[in-house]
Amino acid sequence: MALVPWACCPWLVLLCACAWGNPKPADPKTEDVRNCSSSPQYLPVTAVNTTEKLIALRQQMHTHNLSAYIIPDTDAHMSEYIGEHDKRLAWITGFTGSAGTAVVTMGKAGLWTDSRYWTQAEREMDCNWELHKEVGTTPIVNWLLTEIPARGHVGFDPLLFSVASWESYDAAFQGSDRELVSITANLVDLVWESERPPAPSQPIYVLQETFTGSTWQEKVSSIRSQMQKHHKAPTAVLLSALDETAWLFNLRSSDIPYNPFFYSYTLLTDSSIRLFVNKSRFNSETLQYLNSSCTGSMCVQLEDYSQVHDSIQAYASGAVRIWIGMAYTMYGLYKVIPKEKLIADTYSPVMMTKAVKNNKEQALLRASHVRDAVPMIRYLVWLEKNVPKGIVDEFSGAELLDKFRGEEEFSSGPSFETISASGLNAALAHYSPTKEFHRKLSSDEMYLVDSGGQYWDGTTDITRTVHWGTPSAFQKEAYTRVLIGNIDLSRLVFPAATSGPVGFQSSSITMGKGMFTSIEPGYYQDGEFGIRLEDVALVVEAKTKYPGTYLAFEVVSLVPYDKNLIDINLLSPEQLQYLNHYYQTIREKVGPELERRQMLEELAWLQQHTEPLSAKAPHTTSLFSLLVVSTLTILS
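Nothing here was measured: the structure is a model prediction, and the numbers come from that model.

Visitor: Outline the sheet that holds strand 12 (residues 300-303), supporting the account with residue identities and numerical values.
Guide: The six strands lie next to each other as 12-11-10-8-13-14, forming an open sheet whose pairing is mixed. The strands lining the two open edges of the sheet, one partner per strand, are strand 12 and strand 14 (342-345). Averaged over all pairs of adjacent strands, the angle between strand axes in this sheet comes to 20°, irrespective of strand direction. In the sheet, strand 11 (residues 273-276) pairs with strand 12 via four bridges, with the strands oriented parallel. The partner of Ile273 across the bridge, within strand 12, is Val300. Docked against the sheet, helix 7 (residues 216-229) engages strand 8 (236-239), strand 10 (265-269), strand 11, strand 12 and strand 13 (322-325), running at close to 60° with respect to strand 10.

Visitor: Any details on the side chain of Ser311? Residues and values, ideally.
Guide: With respect to the secondary-structure elements, Ser311 resides in helix 10 (residues 308-316). Among all residues touching Ser311, those that are not within four sequence positions of it are Arg274, Phe276 and Glu303.

Visitor: Outline the pattern of salt bridges, listing residues and values.
Guide: Taken as a whole, this structure holds 28 salt bridges when the rule is applied. Here Asp86 makes a salt bridge to Arg196, at a shortest N to O gap of 3.7 Å. Separated by 110 residues along the polypeptide, Asp86 in the loop between strand 1 (68-71) and helix 2 (88-93) and Arg196 in the loop between helix 6 (187-192) and strand 7 (205-206) bring together distant segments of the chain. What makes Asp86 buried here is its relative accessible area of 8%. Here Glu477 and Arg481 are joined by a salt bridge, their closest N and O atoms 3.4 Å apart. Here Glu477 and its partner Arg481 are both found in helix 15 (residues 473-490), four residues apart, which amounts to about one turn of the helix. One salt-bridge network, held together by shared partners, links Asp86, Arg88, Asp189 and Arg196.

Visitor: Quick rundown of the state of the cysteines? Include the residues and the values.
Guide: Applying the stated rule across the entire model yields one disulfide. Through a disulfide, Cys294 is tied to Cys299; the S-S separation comes to 1.6 Å. Between Cys294 and Cys299, the S-S torsion sits near -110°, and that sign places the bridge as left-handed. Of the residues examined, Cys299 reaches a relative accessible area of 7% and is grouped as buried.

Visitor: Pulling in residues and values, what's your account of helix 4 (residues 137-147)?
Guide: Each α-helix winds once per 3.6 residues, and so residues spaced three or four apart point in a common direction. Listed as buried for helix 4 are Thr137, Pro139, Ile140, Val141, Trp143 and Leu144. Buried positions along helix 4 lie against strand 1, strand 2 (101-105), strand 3 (109-112), strand 4 (130-132), strand 5 (153-156) and helix 5 (163-173).

Visitor: Describe in detail the nonpolar core, supporting the description with residues and values.
Guide: When a protein is soluble and globular, its nonpolar side chains tend to lie buried together. Counting residues in hydrophobic clusters, the biggest one holds 72 residues, and the most contacted among them are Leu383, Tyr561, Ile566 and Leu579. Examining the composition of this core, we find that nine residues originate from one element, helix 13 (residues 359-386), more than from any other. Looking at which domains feed residues into this core, each of domain 2 (205-355) and domain 3 (359-577) supplies at least three. Once you skip the residues sitting within four places of it in the chain, Ile566 turns out to touch Lys476, Tyr479, Thr480, Leu483, Tyr561, Leu571, Leu579, Tyr583 and Leu613.

Visitor: I'd love a proper account of the packing of aromatic side chains, names of residues and values included.
Guide: Under the counting rule described, the total for this entry stands at 23 aromatic pairs. Seen in terms of ring centroids, Trp112 and Trp143 are 5.1 Å apart; in terms of plane orientation they differ by 75°. Their pairing is edge-to-face. Taken as a pair, Trp112 in strand 3 and Trp143 in helix 4 lie far apart in primary sequence, 31 residues in all. Owing to a relative accessible area of 9%, Trp143 belongs among the buried residues under this scheme.

Visitor: Could you give an account of helix 5, naming the residues involved and the relevant values?
Guide: For helix 5, the full list of buried residues reads Val163, Trp166, Tyr169 and Phe173. Looking down the long axis of helix 5, one finds its buried residues gathered within 135° of arc, a one-sided arrangement. Every exposed residue of helix 5 that faces more than 90 degrees away from the buried side is listed here: Ala164 and Ala171. Where the residues of helix 5 are buried, they touch strand 1, strand 2, helix 4, strand 5, strand 6 (179-182) and helix 11 (331-334).

Reading the values: rules and limits
Residues numbered from 1 in each chain as written. Predicted model: local features only at pLDDT ≥ 70, side-chain atom pairs only at ≥ 80, totals over all residues. Heavy atoms only, no water. Pairing = 2+ DSSP bridges. Helix = DSSP H or I, 4+ residues; strand = E, 2+ residues; numbered from the N terminus. Axes fitted to C-alpha atoms, helices over the stretch in contact; angles between N-to-C directions. Contact = heavy atoms within 4.5 Å. Salt bridge = Lys/Arg side-chain N within 4 Å of Asp/Glu carboxyl O. Buried < 20%, exposed > 50% of the residue type's maximum accessible area, 1.4 Å probe, protein only. Disulfide = S-S within 2.5 Å. Core = buried A, V, L, I, M, F, W, Y, C linked by side-chain atoms within 4.5 Å. Domains from an automatic or database assignment. Phe/Tyr/Trp six-rings, centres within 6.5 Å; stacked < 30°, edge-to-face > 60°. Arc of directions from axis to C-beta.

Structure follows, in C-alpha cells:
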C-alpha cells in the first residue's frame, strides 16, 4: 500500500481527512443522465422544471440592465449550512447540493460544482441548465466572457458576496470591457415572492448560565478591553458571523440547520451595544436579560435586522474606526466603510476569543463527549446485532443514530448531516445517504459513520469505521495505518504558536492552549472502501525538559476503535501503550455513565472492546511515525 500522507494536505501537522492512496479521478465527460441533447422527456423524475423561474428572473435582469446574474450558495453570514429562507441556489436550479455557483445569462444558465455533486446535479437539474464540472472564479468568468457582449453588466447581491469573492471577480473582469454591478435587491427573491419560506420566527432564548463559560457582560468587557489595547484604537467591532453574536450574548435559536444560531449582526462600540435582529422573537425575560430598556454602555439596543446596512453607513460617517473580520464580512457592509476608517483582520476578536475555551467551558465540553459516547456505543451495539440480519441500510442507520443522540440530556440535535457510508460509498469522503439513494449494510463490507451532536454544553464530532465480518489483510493494514496516524498525532508534542487547521473554514490559525480541534486521518480506496478515524482533542500545555512552551493534545472523544480491524503487529510499543491507556480512560469515564443508566448490554460491549491489547510479534517502524518525527524536527 502506497502512503502519501503529506501530498494531500499542505500542513505539516496533519489534522485533516486526507485521501491517502490513489483514487481514480472522476471522468468529466460522464454521460449526462438528463439526456438533454436528445429529448427532455427522458429527464429523471427527480429533475426540477425551472423554465418559468428563469423566464421571470430574466425579466428582472432586463429591468436592471444586466447581461448576467451570479447566484452563490451562501447566505449573508457565510454560514456553513443554509436555512430554507436562503436556499436561492436550490430554488432557481433544482440542485440541492451544499456547494455550487449558478450564473444566468439571457440565453443560457450554468451551474459550477465539484465532483462530489456531479451525479446529484444531473439528477436534479432540467435541460435549462448546463453543468460545469469545475469550480472557482476563473472558469465562471471565462465562460461569461464568451457568453455576454462587450460592455455587458454582470449583477450580484453584495450581501451574498464575501469581500474575497468580490475582489476575485472584480480583478478577473478588469480590462474585459464587462462590468461587475452590485444590485441591492436580490433578483431571485423578487421572483421567489410568496413561494419563499418565511424568515424564521421561533423564539430566541437565553442559554442557561450553567452552560456558559462567562456572562455576556464579561464577554463584552473582554472585547472592549482588546479594542482599547489595539494599536489602531478601534471604536467599534462589527460582527457578521452568526456564531459570533450567539456566543457574545449567550443566546440561541434554530434558524440554521445543525447550528443553534439566529439571523443577526452586532455593532459593539466603546460606549454602546447594538444588536440587529427581529425584536419580536424576544420575550420579556430575554429583553430584561439584555437590559434593552436602558441606555448605558452595558445595555443592548435592539435594531431591526434589515437596517444594518444603513446603520453601519451612518456610524461610519463619523470620526470612527471599525474593526472587522474579513472572513465573514460581506461586501455589502464592507463597501460602506471608508478604507481609512477600516481595521481589517482575517477574523474578528470575538471569533478568536471564543476559539479559546476557559476552564469551565473545557469541563462542559468534556462532559458532553462522555454523554455523546453513549448513543455511539448504543448504535454500534445495535448494528453488531442487526446488520447480519440484512435489515439495516445507510439511511435508516443514520436516522437511528440521530434518534439515539436526540434522547440524550441537553441535546439540541445533530451538529451536521450524518455520514453513514457502506462499502464503496465510504470512499467518498463527504457522502451522505438519502431516503431515495442508499445501500444496505453488510457484514462483508466496511462501514464508516461520521456524526456529531449539538448539546447545550458542547458540540461533538466523531468518526468510526467498523467491519463485522472477516476483513482482508489489505483492509486491516489500511485501517491500522490510519489508526497509527491518529495515535501519532494524538501523542504529538509541538512548539507553541504552531499554525494548524484550528481554523474557521479554510484558513489556519496559531494553535493555543484551550482550543479544540479534530484529528481525522483517513484512507480512501476508490470503488471499494473508505476509512476515517476522527477524534476531537483539546490543546493543552505539555511538560517537557526543554526550554520554551510546548503543546500537546488531550483526546476527549471516548469510543473504542474496531479491534476486528487492528493489526497489533504494526503498532510500536509506544503506540500500543497509548491505545491501552486511551481504552482505560474510556472505561473510567464512560463505564460509570452506562452503569448509572443500567445499560448493561452496552457496558459489557464496552468492557469487551476496551480490553488491553498486547503485541504478538516484533514491530517495524511505520512510515507515518518517521514522517511525524521529521515534521517535529522541521517545526522545532
